[in-house]
Amino acid sequence: MSQDPEHKLNDELEVQEAEPQLKRPPLFKVILLNDDFTPMDFVVMVLRNFFGMSEEKATQVMLHVHTRGIGVCGVFSKDVAETKVRLVNDFSRKHQHPLMCTMEEA
């Protein structure tokens, strides 16, 4: 007994499952920019408080920013990076420092 070709095609389509196309969300680098006015100890405090760095690591990053003009504080999801940038910039302004924090896709 022959099967109707259209019926056979429908049976095949019903059993085929699409594989989910999962993709990791992009990550973003949070970056500090050097300026000539923000005290080094303030930058270390920011790195410790907002990025959970040890005193030694925060000092290394601060010196990198100081000597090279820019430094990465961490890599995060977009929402976390945006929040950290906003918090650091708001905190710096509240304490009357021009320290700038920004982000870019990693």
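Source: prediction; values computed, not measured.

Reading the values: rules and limits
Residues numbered from 1 in each chain as written. Predicted model: local features only at pLDDT ≥ 70, side-chain atom pairs only at ≥ 80, totals over all residues. Heavy atoms only, no water. Axes fitted to C-alpha atoms, helices over the stretch in contact; angles between N-to-C directions. Helix = DSSP H or I, 4+ residues; strand = E, 2+ residues; numbered from the N terminus. Parallel < 35°, antiparallel > 145°, perpendicular 65-115°, else oblique. Left-handed = near helix turned anticlockwise from the far one by under 90°. Contact = heavy atoms within 4.5 Å.

Caption draft 1: Geometry of the packing of helix α2 (residues 40-51) against helix α3 (residues 55-68). Running from amino to carboxyl end, α2 crosses α3 at an angle of 125°, the nearest separation of the two axes being 9 Å. In terms of their interaxial angle, α2 and α3 are classed as oblique. Crossing hand, α2 versus α3: right-handed. Here α2 contributes M40, V43, V44, L47 and R48 to the contact with α3, which in turn contributes E55, A58, T59, V61, M62 and H66.

Caption draft 2: Fine view of the side chain of H97. Examined against the element boundaries, H97 turns out to sit in the loop between α4 (78-94) and β3 (100-105). Look past the residues within four positions of H97 in its chain and what remains in contact with it is T38, P39, F42 and S92.

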